[in-house]
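Given next are the chains, with one letter for each unit.
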Amino acid sequence: MNEEYKKLRANAKEFLLSGLAIEPVLVKNQGEMTKVIYDSEQVIIPFTTQRFVKELCHHLFIDLGQLQSCVKVKLCKKQLLPIPLSFQMVLVPLRIKQSNEIKTRGFLWIVHRQLKDLFPSSHHKNNSVIVLHNGYQITVPYTIQFVQQQFRDASLLDYMFQELHFTSPRMQRPTLINEKGLRDDLHQQLIQIAEAIRNYPTP
């Protein structure tokens, strides 16, 4: 495993614990990369934001394509689909405001619970400025109403997360079932597994 991929995996793991946003950036003489924004630092890695999101899904054993198909049905929309990765973590996709003629292809992804403030840009009425909980600001080419709707959609997916992740057998890990065919909470399931291993007969 090369060093760049190790860095990708390490940042994906850390992002799931303390990440705020994933921003596409253009690096001179290197092309499009990803700025991973944490509470107290920002790290640039040599992969696109789409590749980073795929790595997040891979780390969580999520089939991104199946998840997006399910989200399309739930939200009745086809573009800029939020991605629910875990309880209380939904990624909201947006384009970023470009400052030059060269545009990034990747999306900006923001953890929906990390939005602190939102206000109109002073330079363009149809642009909005997003403020994250650490104070980091990002300008996006959308009205406030549109951005608010994106975050409302994400909040709805957060609410429906359990249904989204456990109604499609092709999309997620198999759900553990007890003897009565009822789903236990995760803690109880782990206790049952531990007991089964402890009591397993040895030769």
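Above this note sits the structure.
Presented here is a report on the structure given in the accompanying data block. (Residues numbered from 1 in each chain as written. Predicted model: local features only at pLDDT ≥ 70, side-chain atom pairs only at ≥ 80, totals over all residues. Heavy atoms only, no water.)

Here's the deal with the sheet that holds strand S9 (residues 137-140)
So, step 1. What the three strands build is an open sheet, ordered S7-S8-S9; its pairing is antiparallel. Across the chains shown, the open sheet's two edge strands, defined by having one partner strand only, are strand S7 (115-120) and S9. Neighbour-to-neighbour, the strand axes of the sheet open up by a mean angle of 20°, direction not taken into account.
So, step 2. Across the sheet, helix H4 (residues 144-159) touches S7, strand S8 (128-132) and S9, and the angle it forms with S7 is around 160°. (Pairing = 2+ DSSP bridges. Helix = DSSP H or I, 4+ residues; strand = E, 2+ residues; numbered from the N terminus. Axes fitted to C-alpha atoms, helices over the stretch in contact; angles between N-to-C directions. Contact = heavy atoms within 4.5 Å.)

Details of the environment of Ile83
So, step 1. Its location among the elements puts Ile83 in strand S4 (residues 83-86).
So, step 2. A relative accessible area of 1% means that Ile83 is categorised as buried.
So, step 3. Sequence-wise, Ile83 and Pro93 are ten residues apart; in three dimensions their C-alpha atoms are separated by 8.2 Å.
So, step 4. Once you skip the residues sitting within four places of it in the chain, Ile83 turns out to touch Val53, Leu64, Leu67, Gln68, Met89, Val90, Leu91 and Trp109. (Buried < 20%, exposed > 50% of the residue type's maximum accessible area, 1.4 Å probe, protein only.)

Overview of unusual backbone geometry
If a residue is not glycine, its phi is most likely negative; likewise, a peptide bond is most likely trans.
So, step 1. If you check the backbone angles, Cys76 has positive phi at about 55° while not being a glycine.
So, step 2. When you line up the elements, Cys76 lands in the loop between helix H3 (64-75) and S4.
So, step 3. In this structure, Leu80 is a non-glycine residue whose phi angle is positive, near 50°.
So, step 4. Inspection of the secondary structure puts Leu80 in the loop between H3 and S4.
So, step 5. Residue Leu80 is classed as buried on the basis of its relative accessible area, which comes to 17%.

Digging into helix H1 (residues 3-18)
So, step 1. For H1, built from 16 residues, the straight-helix expectation of 22 Å at 1.5 Å per residue is met to within 8% by its first-to-last C-alpha distance of 22 Å.
So, step 2. By the burial criterion, the buried members of H1 are Leu8, Asn11, Ala12, Phe15 and Leu16. Taken down its axis, H1 places every buried residue within 135° of arc, on the same side. Exposed residues lying more than 90 degrees from the buried face of H1 are Glu3, Lys13 and Leu17. (Expected span 1.5 Å × (residues − 1). Arc of directions from axis to C-beta.)

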